[in-house]
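Coordinate inspection notes
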Amino acid sequence: FTAVEFRDKVIAIAKGLIGWGARPGESIAIIAHTRWEWVALDMAIMAIGCVTIPVYETNSAAQMRTVFNDAEVVLVFAEDDTQRDKVESVSNESPSVRASFVINSDAVDAIIAFGAHVSDEEFTRRKNAAHGDTLATIIYTSGSTGTPKGVEISHRNMAAECMHALQYMPRAIDIPDRRLLLFLPLAHCFARFIQYASIASDDGVVGYLPDTKTLLPDLRSFGPTYLLGVPRVFEK
């Protein structure tokens, strides 16, 4: 994707969420491996004043239920049928959840279709209503040491993180032709922030790798790379 293509995709998804009925302040969960759809959904959710709830794909159904109820999630984007089955297994215990979509079954196209009659003006109104102090996301722990615990992050927090990275990590973020290949789960706070800092740079390119089994050949094909925040350059 070029920057313009990705922006247009995000806006189309955001309009779809509005058309579906997502209201400002409502929470929407994403359960998926590291992939471009995760990022597009995340940007669209936050753009219209909703709250992104990242969920680790390794979470159990019980842990998902805890997160859904704590954040009062209304909509879930699950990567595949396995994740959707976990969501559905706790649906009776998660009363706030109104619907779920499966990313591998064309969830992005399905949600975009809801926005067919949502105007540019309505999207812009919702976008402009979100300010620095608006809640952007709640990042939960993975649950490996107990019940998942959430931390609230505002739009101002996320913007400051990107600005600081550009200022204090120029070798990683803001060198011409620098590329970031990301394989950490995007439910992890570091992975999410480092990729947004790269996107915020003048010409950063981000690649998303859902499976580390292909890491070495993907590195060779991707070009000079900043790998997951570790400052080592891999040449073709």
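Everything numeric in this text was worked out from a predicted model, so none of it was measured.

Moving on to the overall build of the protein. A count of helices and strands for the protein gives ten helices and nine strands. Taking 236 residues into account, the globule formula puts the C-alpha radius of gyration at 18 Å, and the protein, at 17 Å, falls close to it. Expressed along its principal axes, the backbone C-alpha trace of the protein runs to roughly 50 × 45 × 30 Å. Expressed as a percentage of the 236 residues in the protein, the buried residues total 46%. Expressed as a percentage of contacts within the protein between residues at least 6 apart in sequence, the contacts between residues at least 24 apart total 70%.

To continue, consider the nonpolar core. By size, the foremost hydrophobic cluster in this structure holds 47 residues, and its most contacted members are Ile13, Leu17, Ile28, Leu75 and Phe77. A total of eight residues in this core trace back to one element, the largest contributor, which is helix 2 (residues 36-47). Residues contacting isoleucine 28, with those up to four places away along its chain left out, are Leu17, Ala22, Ile45, Cys50, Val51, Thr52, Ile53, Val74, Leu75 and Phe77. Ile31, Val51, Val67 and Val76 belong to the second-largest nonpolar core, a separate cluster that totals 15 residues.

On to the packing of helix 3 (residues 61-71) against helix 4 (residues 81-89), then. Their axes nearest at 9 Å, the elements helix 3 and helix 4 cross at an angle of 65 degrees. Two packed elements cross with a definite hand, and for helix 3 against helix 4 that hand is right-handed. On helix 4, the residues touching Ala61, Met64 and Phe68 of helix 3 are Gln83, Lys86, Val87 and Ser89.

In a regular helix each residue adds 1.5 Å, so twelve residues correspond to 16 Å; helix 2 covers 17 Å between its end C-alpha atoms and thus fits that length. For helix 2, the buried fraction is high: ten of the twelve residues fall into the buried class. Where helix 2 terminates, the next one or two residues include glycine 49, which has phi positive at roughly 80 degrees.

As a further point, take the environment of glutamate 88. If you trace the backbone, glutamate 88 turns up in helix 4. Remark: the alpha-carbon pair of glutamate 88 and alanine 61, spanning 27 residues in sequence, is separated by 8.9 Å.

By secondary structure assignment, the location of aspartate 203 is in the loop between helix 9 (189-200) and strand 8 (205-208). Under the relative-accessibility criterion, aspartate 203 is labelled partly exposed at 34%. Look past the residues within four positions of aspartate 203 in its chain and what remains in contact with it is Ile175, Pro176, Asp177 and Arg178.

Moving on to unusual backbone geometry. Here glutamate 72, not a glycine, exhibits a phi torsion of approximately 55 degrees, which is positive. Judged by its relative accessible area of 55%, glutamate 72 falls in the exposed class. Backbone geometry places aspartate 106, a non-glycine residue, at a positive phi of 65 degrees. When you line up the elements, aspartate 106 lands in the loop between strand 4 (99-102) and helix 5 (107-113). With a relative accessible area of 51%, aspartate 106 lands in the exposed category.

What counts and what doesn't
- Residues numbered from 1 in each chain as written.
- Predicted model: local features only at pLDDT ≥ 70, side-chain atom pairs only at ≥ 80, totals over all residues.
- Heavy atoms only, no water.
- Helix = DSSP H or I, 4+ residues; strand = E, 2+ residues; numbered from the N terminus.
- Rg over C-alpha atoms; globule rule 2.2 N^0.38 Å.
- Buried < 20%, exposed > 50% of the residue type's maximum accessible area, 1.4 Å probe, protein only.
- Contact = heavy atoms within 4.5 Å.
- Core = buried A, V, L, I, M, F, W, Y, C linked by side-chain atoms within 4.5 Å.
- Axes fitted to C-alpha atoms, helices over the stretch in contact; angles between N-to-C directions.
- Left-handed = near helix turned anticlockwise from the far one by under 90°.
- Expected span 1.5 Å × (residues − 1).

Fair warning: the whole summary comes from geometry, so function is off the table for now.
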